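# A closer look at the structure
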Amino acid sequence: MEEAKKMVAKLELVSLKEMGDDRGWLVVFEKGLNIPFDVKRCFFIYGTKEGLARGFHAHKKSKQMLVSVSGSVEIHCEANGKKEVYLLDAPNKGLFLEGMVWHTMENFSSDCVLMVLADDYYNEDDYIRNYDEFCALTNKENAK
Ligand code: TYD
């Protein structure tokens, strides 16, 4: 718990360079160029039922880059005492999250394919899935 408390969360909306020509578009993720970690895992969330929200967790340590490669989704984040909503509605927009960011994914369009790149293997111990625990770990008093 002490370890998680010291973590400062980082959130950054990254604009990815689109390389287009008369054939269409190409977007690249490359370590050091626009992604600040080694990618060990990639997963996709798609076919999310209308009106459903997912997520409702924070990670103690892991770093992630979220990109809606098709369609759109809102990422509702709470970190460092602030709440912010990021709209991912284009394949050239990445949302970088590190550390204690409570997040939910909401308002998925029916065609949304949300790709997540992560710096580590899946480990349930890295998850905080209880909002009150998140508040306690981040010294937040006003649990919802
Ligand atoms: P879950 O964490 O509930 O998804 P979300 O919070 O994004 O809505 O994950 C759904 C299931 O998939 C759950 O049983 C854990 C499993 N899972 C893996 O096995 N590996 C992974 O990398 C991820 C992200 C999930």
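Numbering of residues starts from 1 in every chain and runs along the sequence as written. Where totals are concerned, whole chains, interfaces and linings use all residues; where local detail is concerned, this predicted model gives features only for residues with pLDDT of at least 70, and gives and counts side-chain atom pairs only at 80 or more. Excluded from the side-chain calculation are hydrogens and water; included are all heavy atoms of the structure.

The numbering of helices and of strands both runs from the N terminus, where a helix is a DSSP run of H or I of at least 4 residues and a strand a run of E of at least 2. A tally of helices and strands in the chain yields two helices and twelve strands. Mapped in sequence order, the helices and strands of the chain form the string α-β-β-β-β-β-β-β-β-β-β-β-β-α. Throughout, radius of gyration means the C-alpha value; the globule benchmark is 2.2 Å times the number of residues raised to the power 0.38. A compact globule built from 144 residues should have a C-alpha radius of gyration of about 15 Å, and the chain, at 16 Å, falls within 12% of that. Overall, the chain is about 55 × 35 × 25 Å in size when its C-alpha atoms are taken along their principal axes. Taking all 144 residues of the chain together, 39% fall into the buried category. Think of it in three bands: residues with accessible area under 20% of the maximum for their type are buried, residues over 50% are exposed, and the middle band is partly exposed, with areas taken using a 1.4 Å probe on protein chains only.

A few words on the sheet that holds strand β9 (residues 93-98). Any two strands with at least two DSSP-identified bridges between them are counted as paired. Spatial ordering of the open sheet is given by β1-β9-β6-β11-β4, a layout of five strands whose pairing is antiparallel. Two strands lie at the open edges of the sheet, namely β1 (10-15) and β4 (41-46), each paired on one side alone. Taking the axes of each pair of neighbouring strands and ignoring which way they run, one obtains an average angle of 20 degrees across the sheet. Pairing between β1 and β9: six bridges, direction antiparallel. Note on β9: the bridge partner recorded for Glu-12 is Phe-96. Every axis corresponds to a line fitted to the C-alpha atoms, with the helix fit spanning only the stretch in contact, and the corresponding angles, defined between N-to-C directions, vary from 0 to 180 degrees.

The subject of this paragraph is the site of the ligand. We call a residue near a given molecule or strand whenever any one of its heavy atoms falls within 4 Å of it. Arg-41, Phe-43, Ile-45, Arg-54, Gly-55, His-57, Met-105, Tyr-122, Tyr-127 and Arg-129 make up every residue found near the ligand. Residue Arg-41 places a side-chain N or O atom 2.5 Å away from an oxygen atom belonging to the ligand. Between the ligand and the protein, one listed contact pairs an oxygen atom with a side-chain N or O atom of Arg-54 at 2.7 Å. Protein chains shield 59% of the accessible area of the ligand, which is 530 Å² for the free molecule. Taken together, the elements giving at least two residues each to the shell around the ligand come down to β4 and β5 (54-59). Considered class by class, the residues forming the shell around the ligand number five nonpolar, two polar and three charged. Pairs of N or O atoms within 3.5 Å make up the polar contacts considered here, provided that, within protein, one atom can donate a hydrogen while the other can accept it, and that residues adjacent in sequence are counted only when both atoms are side-chain atoms. Only the protein chains shown count as cover for residues, and all accessible areas are computed by the Shrake-Rupley method using a 1.4 Å probe. In the scheme used here, Gly and all other residues not listed as nonpolar or charged are polar, with Ala, Val, Leu, Ile, Met, Phe, Trp, Tyr, Cys and Pro taken as nonpolar and Asp, Glu, Lys and Arg as charged.

Turning our attention to the side chain of Asn-92. Mapped onto the elements, Asn-92 comes out in the loop between β8 (82-88) and β9. Among the residues examined, Asn-92 registers a relative accessible area of 15% and is labelled buried. A polar contact is formed between the side chain of Asn-92 and the side chain of Glu-18, at a distance of 3.4 Å. Contacts of Asn-92, omitting those with residues within four sequence positions, involve Val-14, Ser-15, Leu-16, Glu-18 and Val-27. Every residue pair with non-hydrogen atoms within 4.5 Å of one another is taken to be in contact.

What follows is about the nonpolar core. The definition of a nonpolar core used throughout is a set of buried Ala, Val, Leu, Ile, Met, Phe, Trp, Tyr and Cys residues joined through side-chain atoms within 4.5 Å. In terms of nonpolar packing, the biggest core is built from 17 residues, with Leu-66, Val-73, Ile-75, Leu-95 and Leu-114 touching the most fellow members. Of all elements in the fold, only β7 (73-79), β8, β9 and β11 (113-118) reach the threshold of two or more residues within this core. Considering each element in turn, this core owes the most residues, four residues, to β7. Setting aside its immediate chain neighbours within four residues, Ile-75 contacts Leu-66, Glu-84, Val-85, Tyr-86, Leu-88, Leu-95, His-103, Thr-104, Met-105 and Leu-114. Among the nonpolar cores identified, the runner-up in size contains nine residues, and Leu-16, Phe-37, Phe-96 and Met-115 belong to it.

A few words on the pattern of salt bridges. The salt bridge definition used is simple: a Lys or Arg side-chain nitrogen within 4 Å of an Asp or Glu carboxyl oxygen. Scanning all chains against the criterion turns up six salt bridges. One salt bridge in this structure joins Asp-120 and Lys-40, with 3.8 Å as the shortest N-O distance. A residue pair is termed long-range when its members are at least 10 positions apart, and Asp-120 in the loop between β11 and β12 (127-128) and Lys-40 in the loop between β3 (24-27) and β4 qualify at 80 residues. Judged by its relative accessible area of 35%, Asp-120 falls in the partly exposed class.

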